[in-house]
Amino acid sequence: VVVELFPVRIVWSGFRFEESGTGQLEASFGDITAGTTVTSQIEFTNLKAGVLLDIVDVDAFWLSGGIGIDLFDLQFQVDDTSSIVEEDIDEFAPIPAVFAQAGVDLEYVELMGEVGWMSVELDDFEGEILDLEFMAQVRLYDPIRIFAGYRYIDIDLEGAGSEGDFRGELELQGWIVGGSAVF
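Everything in this summary refers to the structure shown in the same document. (Residues numbered from 1 in each chain as written. Predicted model: local features only at pLDDT ≥ 70, side-chain atom pairs only at ≥ 80, totals over all residues. Heavy atoms only, no water.)

## Details of the overall build of the protein chain
Regarding its fold elements, the protein chain presents 0 helices and 9 strands. Secondary structure of the protein chain in N-to-C order comes out as β-β-β-β-β-β-β-β-β. Classification of the 183 residues of the protein chain by burial places 32% in the buried group. By sequence separation, contacts in the protein chain at least 24 residues apart represent 54% of the contacts at least 6 residues apart. If you sum the accessible surface of the protein chain, you get close to 11,100 Å²; carbon and sulfur atoms cover 60% of it. Taken together, the 7 basic and 37 acidic charged side chains of the protein chain have centroids lying 12 Å from each other. (Helix = DSSP H or I, 4+ residues; strand = E, 2+ residues; numbered from the N terminus. Buried < 20%, exposed > 50% of the residue type's maximum accessible area, 1.4 Å probe, protein only. Contact = heavy atoms within 4.5 Å. Areas by Shrake-Rupley, 256 points an atom, 1.4 Å probe, with all protein chains shown as cover. Lys, Arg positive; Asp, Glu negative; His and termini not counted. Charge placed at Lys NZ, Arg CZ, Asp CG, Glu CD.)

Shown next, in the form of structure tokens:
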């Protein structure tokens, strides 16, 4: 959803991803050793919101920059198939980020790219998040649009938690299709 209040653009979007499978661990995961056959299930939800200020808005081209937040909800469960050992990750992380968007408006079709990024270093936690999105939107009739594009999210975090030290890398990427409303 996009709300345009010239020169401010308020944007928010979201998606949910679920996957499960069976395989062998290439590296130890918690108390489950490498080489163990496991079943795993991941549920990942992302909600993204930002407030962007138009920096350039000439003819059909626009460029905006601003701040926002990426909300990540990750639930990951790994079960050893030969015993009762299981490892769970259940994390909700609101991550502030800087955002930039650029687009070309070709009357009935809009091409848009967006990048969000954050690097943080705290006493017991550090990490980087990169969130890229590219899409083409077609106006069906104002304010409704349909879109297709590509989304790439790279999360690289490490630190010390109540359960011990952790290091995690998560990379999600793929094609996106959906609808939007612009007000």
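Don't stop here, the text continues.
## As for a negative patch on the surface
A grouping of Glu 86, Asp 88, Asp 90 and Glu 91 is seen on the molecular surface, where their side chains present a negatively charged patch. Among the secondary structure elements, Asp 88 is positioned in strand 5 (residues 86-105). When its relative accessible area of 46% is taken as the criterion, Asp 88 is described as partly exposed. (Patch = residues over 30% accessible without salt bridge, like charges linked within 9 Å, V, L, I, M, F, W, Y side chains within 5 Å. Salt bridge = Lys/Arg side-chain N within 4 Å of Asp/Glu carboxyl O.)

## Some details on the packing of aromatic side chains
Scanning the entire structure with this criterion turns up 4 aromatic pairs. Seen from their ring centres, Tyr 150 and Trp 175 are 5.0 Å apart, and the 75° between their planes marks the pair as edge-to-face. Here Trp 175 lies in strand 9 (residues 164-181) and Tyr 150 lies in strand 8 (residues 144-161), a separation of 25 residues in the sequence. Judged by its relative accessible area of 26%, Tyr 150 falls in the partly exposed class. Every member of this aromatic cluster is reached through a ring pair, and the members are Phe 15, Phe 44 and Phe 72. If you follow Arg 9 out to its NZ or CZ, it ends over the ring of Trp 62, 3.9 Å from the centre. (Phe/Tyr/Trp six-rings, centres within 6.5 Å; stacked < 30°, edge-to-face > 60°. Lys NZ or Arg CZ within 6 Å of the ring centre and 35° of its normal.)

## What about unusual backbone geometry?
Residues other than glycine seldom take positive phi values, yet Asp 59 does so here, at roughly 50°. The exposed category is assigned to Asp 59, whose relative accessible area is 84%. Residues other than glycine seldom take positive phi values, yet Glu 107 does so here, at roughly 70°. Structurally, the position occupied by Glu 107 is in the loop between strand 5 and strand 6 (109-122). Of the residues examined, Glu 107 reaches a relative accessible area of 54% and is grouped as exposed.

## Looking at the pairing of strand 4 (residues 61-80)
On any regular strand, side chains alternate: one points to one face of the sheet, the next to the other face. The pairing of strand 3 (residues 37-58) with strand 4 spans 20 bridges and is classified as antiparallel. Its bridge partner lying in strand 4, Thr 39 is registered against Asp 79. Joining the antiparallel neighbours strand 3 and strand 4 is a turn of 2 residues, in which Asp 59 adopts a positive phi near 50°. Alignment of strand 4 against strand 5, held across 19 bridges, turns out to be antiparallel. Looking across to strand 5, one finds that Val 78 is bridged to Glu 87. (Pairing = 2+ DSSP bridges.)

Worth remembering: the numbers are spatial, not functional.
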